[in-house]
Structures are given as C-alpha cells and as structure tokens.
Amino acid sequence: MALGGLGAREAQAADAIRWVSPRGTVEVLDDYPYWVAKKFGYFGDIETTLEPGPSDATATVKLVDQEQADVGYPSPGVFSLALAQGMPLVSAFHMGGGDVFSFAFRKGEKPASLKELEGKTVVLGSAGWQSICDPMLKAAGVDITKVKYVDAGWPTWGTALKEGKGDSALSWEGLRAQWKGQGFDFDYWLGRDFSKLPANSFVIRKADFDDTAKRDVYGRYFQGWAAGLEFGKNNPRAATQIVMEQFPGLASQMTPDVAVESMMQLANVYGGRMDERKKWGYHLPSSWQLFFDVGREIGQITTDFKMEDVVKNDLIDQANSFDAAKVKADADGFALSDAYGAVNVEEIAKRI
C-alpha cells in the first residue's frame, strides 16, 4: 500500500534516484546540498527527485523498503526501528556527523541538568520521535522510564511548548533558528554539547547496495550531495539564497539573516566531528556502535545484527571524488543578492 499518497514507483531509467524526507515537507533549509547540486549539475546525468513523504517518522524507511523511494533520511532511532522490523536496509551516507537534535525549553526554564527531565513531559511532532529522544537521554544518564512524551503533531509541537503544553520539546539545528525567527524564544540543551550519538543518514535497500551497477549510481548520487555540502561550507549565504529562490514561501517566513543562521546551524552538524571523519558522508563506527549499544540497553533494539553489516562506508571515497576546484569556483563566483550580500556570516558564527 502506498504511504501518504506516494504511488508505486514508476518504471524509470536505471540512473534515477527518488529521495524521501522524514519531515513531511521539503520546504526547509535542511536539504540545501541537494538544491545546490541541482543548480550546478553536480548529479551529472542522474535523474533525481526530492519528495516530502508523510510526516510519520517511520514513513521514510517504509517507503524505501517497499520500493516507493530509493533513499530515505531517517534518524538513527528510526533506522534502528526499521532494522528491528526486518527491513533489509543499510546506511550508505552519513549526513549528520554531530548530533543534530536538541531539547527546547521556555525562556528561563532550562534545567541545570537533563536529569531534571525525569517526571517531566517532552512534546514531539510525531510519536515516532521517541526513538530519537530515548537513546539521547539514556546516554546522558536520564532514567527514561520517568520521562513522558506527548505527540502534539506536525508542525505545531513548537507552538504547544510555547503555550505550556509540555516542559520541553524536541528540536534540531536549523529548526532552532527558524523557531527563533517565528518568535519562539526558547533556551536549549544542544545535542552537540552533550551527545556523541550520530544523527540522520541516507539509507538504501541492501539489495541495491549489493548490486554493483546500482551501487555505482548511488555513489555518483552521493557525490552530488557531497559537492553541495562543500559548496555550502565555502559560501553559506549562496547556499541559503539558492534554497530561498526555490521556495519563495519559505523565504517569506524568515529574514535573510535568520535563514543563513539556520543553514549554518545545519552545516555545523553536517560537518560535525570532521577532524575524525575526514570526508563528507563518513560514518564514525564508534559513534554508531555507541548508538546501537544504548538502543539494546533500553530495549529499542532487540534484533541481533552487527554494526558493520548495516552501516557502510564503501561509497564514501566515490562520493568525495567531486571536482573540488570547480565547486570552489562555483561558490566564490555566485552572485549574491543585495539582501544576502549584507548578511554578516562572521557575526552569525559567533552566536551559533
């Protein structure tokens, strides 16, 4: 059965990749590497589509498993749920080298320790997000049996926190700046400050990974994303402007300054722990093993699999073989609008 209106995958050329979001929307800054790659042709002759999918947290893995999409973008928690359900998937490109997630609190109510969430309520945009929160909190020493969760729905869970319908809310980099732009003046416990767990990655079917010809297509596809990430590192204002030109409705929701701050928060995560990872998309085995160990400890993972069987770095060298000189020239030569040219990147870097 098709999920969220996405029909069965039509017959298409071999060099075609259909990517599906875990968020229920693609009108966000999170996917800036894709829009950069589309604009500058970094995907080569691969036919690509980027689709929102349902906002149900687990839809992104179900769609890949059911061959209604080729690449999903789940959190490690959702990925582990898919593995526990027997979905033959592998993580092939790790977008979030640092932990992207955070816990938001109303101004002045941020606790001195996350332990103080025991006995409190965390507001979520989807019930499936509990699989994100539990491992993070457990690894931080929180008794997760004493934490309550409320599904306040997408996209209103931030409003629910603001209105006092919970004590905290799950958030993430990029969204944090967007919420600020919407007048949600929250305080945060940032995952990057306390967590060594991985964040979202690109998952594909194991059968495709094991197929030599298909694996080459995915390697070239991830090369486009890697080039887009490199472009964003070189010129965050340009990457942001490209997304805003793609989505005028999104551009109307935030100023260029807030938009660039959102993009730079995301870029920090995508480039997280790069001193250890060295290359875009590389999975740190120690980080992923920690996640799976914590997942087993809390009972979120009950099936027996080895980390190296489901987390793969085989395509990372190919993904990073893009023409770095061309990407830098594209980034340096991009014509910024007056509004984006006026954004002070150095000042933003100081506050994120």
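Note that this is a predicted model, so its numbers are computed, not measured.

## Points about the packing of helix H10 (residues 236–246) against helix H12 (residues 256–270)
Okay, step 1: In contact at an axis separation of 9 Å, H10 and H12 are set at 110° when each is read in the N-to-C sense. Classified by the interaxial angle, the pair formed by H10 and H12 is roughly perpendicular. Here H10 runs over H12; the crossing is right-handed. Touching Pro236, Arg237, Ala239, Thr240 and Met244 of H10 are Ala259, Val260, Met263 and Met264, all from H12.

## Considerations on the nonpolar core
Okay, step 1: Grouped together as the largest cluster of nonpolar side chains are 59 residues, with contacts concentrated most on Phe93, Phe202, Tyr221, Phe222, Trp225 and Phe231.
Okay, step 2: When residues in this core are grouped by element, the largest group, nine residues, is from helix H9 (residues 212–234).
Okay, step 3: Excluding anything up to four places from it in sequence, Phe93 contacts Ser201, Phe202, Phe222, Ala226, Leu229, Trp280, Gly281, His283, Ile316 and Ala319.
Okay, step 4: In this structure, Ala160, Leu161, Ala169 and Trp189 belong to the second largest nonpolar core, which totals 56 residues.

## A look at the pairing of strand S4 (residues 89–94)
Okay, step 1: Burial runs high along S4: six of the six residues are buried.
Okay, step 2: When S4 meets strand S10 (residues 201–205), the two strands line up antiparallel, connected through five bridges. Counterpart to Leu89 in the pairing with S10 is Arg205.

## Digging into the environment of Gly299
Okay, step 1: Among the structural elements, Gly299 can be located in the loop between helix H14 (285–297) and helix H15 (307–310).
Okay, step 2: Residue Gly299 is classed as partly exposed on the basis of its relative accessible area of 43%.
Okay, step 3: Sequence separation between Gly299 and Thr145 is 154 residues; the distance between their C-alpha atoms is 12 Å.

## Observations regarding unusual backbone geometry
Across the chain, the bulk of peptide bonds are trans and the bulk of non-glycine residues have phi less than zero.
Okay, step 1: In this model, Trp154 is joined to Pro155 through a cis peptide bond whose omega is 0°.
Okay, step 2: By the secondary structure assignment, Pro155 is in the loop between strand S7 (148–151) and helix H5 (157–162).
Okay, step 3: Non-glycine residue Lys278 carries a positive phi angle of around 75°.
Okay, step 4: You can see Lys278 is positioned in the loop between helix H13 (274–277) and H14.
Okay, step 5: You can call Lys278 exposed: its relative accessible area is 62%.

Reading the values: the criteria
Here the residue numbers are simple positions, counted from 1 along each chain's written sequence. Per-residue local features of the predicted model are confined to residues with pLDDT of at least 70, and side-chain atom pairs are confined, for both listing and counting, to 80 or more; whole-chain, interface and lining totals are unaffected and use all residues. Heavy atoms from the whole structure form the basis of all side-chain values; hydrogens and water molecules are not counted. Fitted lines through C-alpha atoms serve as axes, helices being fitted only where they are in contact, and the angles separating the N-to-C directions of these axes extend from 0 to 180 degrees. Strands are runs of DSSP state E lasting at least two residues, helices are runs of H or I lasting at least four, and both sets are numbered from the N terminus onward. Roughly parallel here means an angle under 35 degrees, roughly antiparallel means over 145, roughly perpendicular means 65 to 115, and every remaining angle is called oblique. Two helices crossing with the near one rotated counterclockwise from the far one by less than a right angle form a left-handed crossing, whereas a clockwise rotation gives a right-handed crossing. Whether two residues are in contact is decided by their heavy atoms: any pair within 4.5 Å suffices. Side-chain atoms within 4.5 Å are what join buried Ala, Val, Leu, Ile, Met, Phe, Trp, Tyr and Cys residues into a set we call a nonpolar core. For every residue, the accessible area (1.4 Å probe, protein chains only) is compared with the maximum for its type, and the residue is labelled buried under 20%, exposed over 50%, or partly exposed between those bounds. Criterion used throughout: strands pair if DSSP finds at least two bridges between them.

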